[in-house]
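# Summary of the model geometry
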Amino acid sequence: MLLRPPPPPVAAHPVLAVGLALCSAFLYALAAALQRLAAGRVDGRSHDGRAFFTALVRGPVWWGGVGAMAAGAAIHVVALGLGSVTLVQPIGVLALVLALPLDARFERRVVTRAEWAAAAVLVAGLGGLLALAPHRPGPGAALPGGLVVTVIAAGGVLALLVAAGARLRTGGRAVCRAAGAGLCAGTTSGLVRPVLHGLHRGPLDTGVLTAGVAVLVLPVVGLLLLQTAYRDGGLDAGLATQTTIDPVVAGTIGIAVLGERFTGGPGGAALAAGCAVVTVAGLVWLIRSGPGSAVTPRAAAAGPRSC
């Protein structure tokens, strides 16, 4: 007879969890702004993938962004250990709003009212989705076939996004690649728990092994895609798209593969659908209101600059 595991303990340090989540959001925002700055400084002729990434890794600004991203991820994990997911996770959405003034400062421009308004709508929609997510994570177990299908489906959609982006102009290419980065991040988040559960349980099956490989590979692929999205579409298109796709993909995996359900039953699911519509509207508004690809030609016209 299987015993139901006891409920997780109540967080003993919610105030500290909120403070750490705010620090993590700021570091994620700083990472995005620094990586966008580094991508914008690469010579406009470096649309060849190898030349572009070679120029990136030679610059300290890009490595500063990678370091900020790693520090933000580490602090975020600690915050989740001190507070519930529904307390910590919505705060991370603030990275999008915090990144706007940072990017404007680095690019020596002014954040427009339209950008602020669009960011507020986007954050409100995402916050609603995250607030309606399950308060307690699922057990983490999943059928091996479900994990394999998830990885194959994610790989197929990712390939379609990259192929579609290659045929589009600069702005469309940036959105497709940022969506691919969000897909990588969301899939990784959705697969981490079943992988850890499988490692703790004992002998690894095909599903856990497949998901484990995906958890190691997808973050690297997502990081590379996001850099080209920053180069081609600026911070608005890149970070907004990635921030929107990430929780949607993770939530889909939680519902379809891990058996999680939205808070409030059918009513909560309907409200979540409304929040999704608000999120998409904010995303489209932010992409259209930001400087977008207009930043990149100016940077390219200025000639090569070192990172």
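## Points about the overall build of the chain
Summing up its helical and strand segments, the chain has eleven helices and zero strands in all. In sequence order, the secondary structure elements of the chain are arranged as α-α-α-α-α-α-α-α-α-α-α. A total of 307 residues make up the chain; the buried ones form 43% of that total. Taking all contacts inside the chain whose residues are at least 6 apart in sequence as the whole, residues at least 24 apart take part in 84%.

## Re the environment of Leu209
Structurally, Leu209 can be placed in helix α9 (residues 206-256). Relative accessible area serves as the criterion here: at 46%, Leu209 is assigned to the partly exposed category. Put simply, Leu209 and Gly198 are eleven residues apart on the chain and 8.9 Å apart in space, counted from C-alpha to C-alpha.

## Some remarks on the confidence of the model for the chain
Per-residue confidence for the chain gives a mean pLDDT of 77; residues scoring 70 or more make up 79%. Across the chain, helix α7 (residues 144-166) holds the top mean pLDDT of 91, while helix α11 (residues 295-301) sits lowest at 38. Counted against residues more than four places away or in other chains, residues 1-12, with its pLDDT under 50, gives six contacts. Of the regions scoring below 50 in pLDDT, residues 292-307 engages in 26 contacts with residues more than four places distant in sequence or in other chains.

## Quick look at helix α6 (residues 113-131)
Over its 19 residues, α6 runs 27 Å from end to end, which matches the ideal 27 Å to within 8%, given 1.5 Å per residue. Along α6, the residues that are buried comprise Glu115, Ala118, Ala119, Leu122, Val123, Gly125, Leu126, Gly127, Gly128, Leu129 and Leu130.

## Considering a nonpolar patch on the surface
Taken together, the side chains of Val192, Leu196, Leu199, Leu204 and Leu209 make up a nonpolar region of the molecular surface, amounting to roughly 440 Å² of accessible area. For the nonpolar patch, the element with the highest residue contribution is helix α8 (residues 170-201), accounting for three residues. Checked against the element boundaries, Val192 lands in helix α8.

## Some words on the pattern of salt bridges
The full count for this structure, using the stated rule, is two salt bridges. Among the salt bridges present, the one from Asp103 reaches Arg109, with a minimum N-O distance of 3.5 Å. Arg109 shares its class with Asp103; the two are buried. Measuring nitrogen to oxygen at the nearest pair gives 3.1 Å for the salt bridge that ties Arg109 to Glu115. Pair check on accessibility: Arg109 and Glu115 agree, each one buried.

## Section: the nonpolar core
Counting residues in hydrophobic clusters, the biggest one holds 46 residues, and the most contacted among them are Leu122, Leu191, Tyr230 and Leu239. Residues contacting Leu191, with those up to four places away along its chain left out, are Leu147, Thr150, Val151, Ala211, Ala214 and Val215.

## Description of the packing of helix α5 (residues 94-107) against α6
Where α5 meets α6, the axes come as close as 9 Å, and the angle between the chain directions of the two elements is 165 degrees. Judged on the interaxial angle alone, α6 and α5 are roughly antiparallel. Viewed along their axes, α5 and α6 form a crossing whose handedness is right-handed. Between α5 and α6, the contacting residues are Leu96, Val97, Leu100 and Pro101 on the first element and Glu115, Trp116, Ala119, Leu122 and Val123 on the second. Looking at side-chain class alone, the contact of α5 with α6 contains eight nonpolar, no polar and one charged residues.

Parameters at a glance
Residues numbered from 1 in each chain as written. Predicted model: local features only at pLDDT ≥ 70, side-chain atom pairs only at ≥ 80, totals over all residues. Heavy atoms only, no water. Helix = DSSP H or I, 4+ residues; strand = E, 2+ residues; numbered from the N terminus. Buried < 20%, exposed > 50% of the residue type's maximum accessible area, 1.4 Å probe, protein only. Contact = heavy atoms within 4.5 Å. pLDDT = per-residue confidence, 0-100. Expected span 1.5 Å × (residues − 1). Patch = residues over 30% accessible without salt bridge, like charges linked within 9 Å, V, L, I, M, F, W, Y side chains within 5 Å. Areas by Shrake-Rupley, 256 points an atom, 1.4 Å probe, with all protein chains shown as cover. Salt bridge = Lys/Arg side-chain N within 4 Å of Asp/Glu carboxyl O. Core = buried A, V, L, I, M, F, W, Y, C linked by side-chain atoms within 4.5 Å. Axes fitted to C-alpha atoms, helices over the stretch in contact; angles between N-to-C directions. Parallel < 35°, antiparallel > 145°, perpendicular 65-115°, else oblique. Left-handed = near helix turned anticlockwise from the far one by under 90°. Nonpolar A, V, L, I, M, F, W, Y, C, P; charged D, E, K, R; others polar.

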